[in-house]
Amino acid sequence: MAVKLIEKYLAGLVSPDEIQKMAGEVQAAHQMLHEGTGAGSEFRGWLDLPVSYDREEYTRLKKAASWIRQNAQVLLVIGIGGSYLGARAAVEFLKSPFYNNFKKETPDIYFVGNSLSPTYLREVIGLCSGREVAINVVSKSGTTTEPAVAFRQLKEYMEARYGQEAAKRIFCTTDRKKGALKSLADKMGYETFVVPDDVGGRYSVLTPVGLLPMAVAGIDTDRVLEGAAQARSQLMNSSLEENPCYRYAAIRNLLYRRGKAIELLVSYEPAFAMMAQWYIQLFGESEGKEGKGLYPSCASFSTDLHSMGQFIQQGTPLLFETVVDILEPKMDFFIRTNDSNFDGLNFLAEQNLSAINRKAMEGTILAHTAGGVPNLVLQMQKIDEENFGYFVYFMEKACAISGYLLGVNPFDQPGVEQYKQNMFALLGKPGYEALRDQLESQLNKL
């Protein structure tokens, strides 16, 4: 399997017998998910997506990505939440966090529409000066405030710069039939790709939402889908003993029931940082409801050991760690002996830097478990497209099973709407007058 679960660091903290006692609950969660009897069953399209995706659309997508690579030096991906996190995670993980800084044959990719900062948007537009630009706007409705505001400005920018040719440079990933963005795309002649009705945003990495930016970056999306298809096949078994994905979901729920309220996802590879941000949305939006849920957080080690290590080791005992261990680095350094030993580090010499990084990981795990912090390890062989696709599917399925074990709908996000309604009201959106008066009254009393 492309993701291996290591449990040996749970010794003395969680017993195999305790885990096995959850087998019945896991079996029930498996049936709810695969038989469609659980809450949110209309959003299970991601389950079979690696083998049931639209081949015709996928061919068009690769053709569009090729056109963008040949005709643009910059691709602006407009989206928020699941509409950009997976794509950005893929680019930084599979290519590099420094992707835009390298000389390459593919366009730089900037992600916008994920905030309301005017400075950020202005700076990105400035980076487009003197360079050919294409846009991929990702929104199922086309009316989500942050990406809609960004697209309004960037649409004007493209039309002022390219005139009628702008339509050829704007690609929309949106609803199949309805919504403001779909209507505009049909009117303007933008090429469109579909966000499937049965796939929620945070589960959409393996749809055109993630695949188009990946393909533009030169990522082999065929191999990404092959890795996900392998995960789908291998993680179908309902046995808690044989399915590491289900076992991970069970252990994190067991730890939650024992008072561990925070899961800290960590990696010793900086390229994993945006993958961790994707995980935060996936689990946070799926499980955080009805007064329940583990708080998903992340850290980049060994960097964050110099800021958070003390708290993790001896602070309030609220958390457990899930370490993503990537066995083979993409590149390495060999540390040679220095005759003067000016820094006192010759004890590290005559080995690869990756070996030193691994000892840092092992030493940290031992220290944290000795301090009573449970540690799980998700082991991945290397950073490549198949492993990425496998890991994405592994985490999506673990999240769905974990949500059902928790007793919540892992596919809705009812709490997200309240901040949007308040924002609309305070901004004076028609139809929200009564709520605006109420909110302004509350603000004045504070």
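Residues numbered from 1 in each chain as written. Predicted model: local features only at pLDDT ≥ 70, side-chain atom pairs only at ≥ 80, totals over all residues. Heavy atoms only, no water.

Description of the overall build of the protein
From N to C terminus, the protein includes 17 helices and 12 strands. Here the C-alpha coordinates of the protein stretch approximately 65 × 60 × 55 Å along the principal axes. Across the 446 residues that make up the protein, the buried fraction comes to 49%. Summed over its atoms, the accessible surface of the protein is roughly 20400 Å², and 52% of this surface lies on carbon and sulfur atoms. Taken together, the 46 basic and 52 acidic charged side chains of the protein have centroids lying 4 Å from each other. (Helix = DSSP H or I, 4+ residues; strand = E, 2+ residues; numbered from the N terminus. Buried < 20%, exposed > 50% of the residue type's maximum accessible area, 1.4 Å probe, protein only. Areas by Shrake-Rupley, 256 points an atom, 1.4 Å probe, with all protein chains shown as cover. Lys, Arg positive; Asp, Glu negative; His and termini not counted. Charge placed at Lys NZ, Arg CZ, Asp CG, Glu CD.)

Observations concerning helix α14 (residues 353–370)
An ideal rise of 1.5 Å per residue puts 26 Å on 18 residues; α14 measures up with 26 Å between its terminal C-alpha atoms. Burial in α14 covers these residues: Ile356, Met361, Thr364, Ile365, His368 and Thr369. Elements that come into contact with the buried residues of α14 comprise α13 (305–314), β9 (319–328), β10 (334–335), β11 (351–352) and β12 (375–382). (Expected span 1.5 Å × (residues − 1). Contact = heavy atoms within 4.5 Å.)

As for helix α5 (residues 85–95)
The buried count for α5 comes to 9 of 11 residues, which makes it a mostly enclosed element. Against β3 (108–112), α9 (208–216), α12 (273–287), β9, β12 and α15 (385–406) lie the buried residues of α5.

Examining the sheet that holds β9
Strand order in the open sheet formed by 5 strands is β1-β12-β9-β7-β8, and the pairing between neighbours is mixed. Among the strands making up the open sheet, the edge pair consists of β1 (3–6) and β8 (295–300). Between one strand axis and the next, the sheet turns through 25° on average, direction left out of account. With 6 bridges joining them, strand β7 (residues 262–267) and β9 adopt parallel strand pairing. Residue pairing in the sheet places Leu264 in a bridge with Glu321 of β9. The strands touched by helix α11 (residues 244–257) within the sheet are β1, β7, β9 and β12, with β1 carrying the most contacts at an inclination of about 40°. Along the sheet face, α15 touches β1, β9 and β12 and points at about 150° away from the line of β12. (Pairing = 2+ DSSP bridges. Axes fitted to C-alpha atoms, helices over the stretch in contact; angles between N-to-C directions.)

So, the state of the cysteines
Scanning the entire structure with this criterion turns up 0 disulfides. Here Cys245 is not disulfide-linked; the sulfur of Cys399 is the nearest cysteine sulfur, at 9.9 Å. Among the residues examined, Cys245 registers a relative accessible area of 0% and is labelled buried. (Disulfide = S-S within 2.5 Å.)

Here's the deal with the pattern of salt bridges
Going through the model one piece at a time under the given rule, you end up with 28 salt bridges. Notably, a salt bridge pairs Glu159 with Lys155, separated by 2.9 Å at the nearest N-O pair. Of this pair, Glu159 and Lys155 are both found in helix α7 (residues 145–162), 4 residues apart, which corresponds to roughly one turn of the helix. The salt bridge partner of Arg223 is Asp384, with a shortest N-O separation of 3.8 Å. Taken together, the residues span a long stretch of sequence, with Arg223 in helix α10 (residues 221–234) and Asp384 in the loop between β12 and α15 at a distance of 161 residues. (Salt bridge = Lys/Arg side-chain N within 4 Å of Asp/Glu carboxyl O.)

Examining the pairing of β3
By the criterion of burial, β3 is predominantly enclosed, with 5 of the 5 residues buried. Neither face of β3 is left uncovered, since the one carrying Asp108, Tyr110 and Val112 and the one carrying Ile109 and Phe111 both have all their residues buried. Both strand β2 (residues 74–78) and β3 contribute to a ladder of 5 bridges, which runs parallel. Note that in β3 the partner of Leu76 across the bridge is Tyr110. In this view, the connection linking β2 to its parallel neighbour β3 by way of α5 has right-handed handedness. (Right-handed = clockwise from strand over helix to strand, strands pointing away.)

Observations concerning the side chain of His30
Along the polypeptide, His30 turns up in helix α2 (residues 23–35). Apart from the residues within four sequence positions on either side, His30 is in contact with Met236, Ser238, Tyr246 and Ile401.

Considerations on the side chain of Lys397
Examined against the element boundaries, Lys397 turns out to sit in helix α15. Notably, Lys397 is buried but unbridged: the nearest opposite-charge side chain belongs to Asp48, and the N-O separation is 8.1 Å. Apart from the residues lying within four places of it in its own chain, the contact partners of Lys397 are Leu33, His34, Trp46, Leu47, Leu235, Met236, Cys245 and Tyr246.

Some remarks on the nonpolar core
Grouped together as the largest cluster of nonpolar side chains are 95 residues, with contacts concentrated most on Phe388 and Met395. Sorting elements by how many residues they give to this core places α15 first, with 13 residues. Setting aside residues up to four positions removed in sequence, Phe388 forms contacts with Gly86, Ala90, Phe93, Leu94, Val205, Met214, Val224 and Met275. Membership of the second largest hydrophobic core comes to 24 residues, among which are Val112, Met158, Cys172 and Ala185. (Core = buried A, V, L, I, M, F, W, Y, C linked by side-chain atoms within 4.5 Å.)

Section: the packing of aromatic side chains
Describing an aromatic ring pair means giving the distance of the ring centres and the angle of the ring planes. Here the structure, examined in full by the defined rule, presents 16 aromatic pairs. Relative to Phe411, the ring of Trp46 lies with its centre 6.3 Å away and its plane at 45°, an arrangement referred to as tilted. Residue Trp46 is found in the loop between α2 and α3 (49–52), and its partner Phe411 is found in the loop between α15 and α16 (416–426); the two are separated by 365 residues along the sequence. Phe411 shares its class with Trp46; the two are buried. Taken together, the aromatic side chains of Trp46, Tyr203, Tyr393, Tyr404 and Phe411 make up a single cluster linked through ring pairs. Directly above the ring of Tyr99 sits Lys104, whose terminal nitrogen or CZ lies 4.7 Å from the centroid. In this structure, Lys429 is placed above the aromatic ring of Phe424, and the distance from its NZ or CZ to the ring centre is 4.2 Å. (Phe/Tyr/Trp six-rings, centres within 6.5 Å; stacked < 30°, edge-to-face > 60°. Lys NZ or Arg CZ within 6 Å of the ring centre and 35° of its normal.)

Bear in mind that shape data such as this cannot, by itself, settle questions of function.
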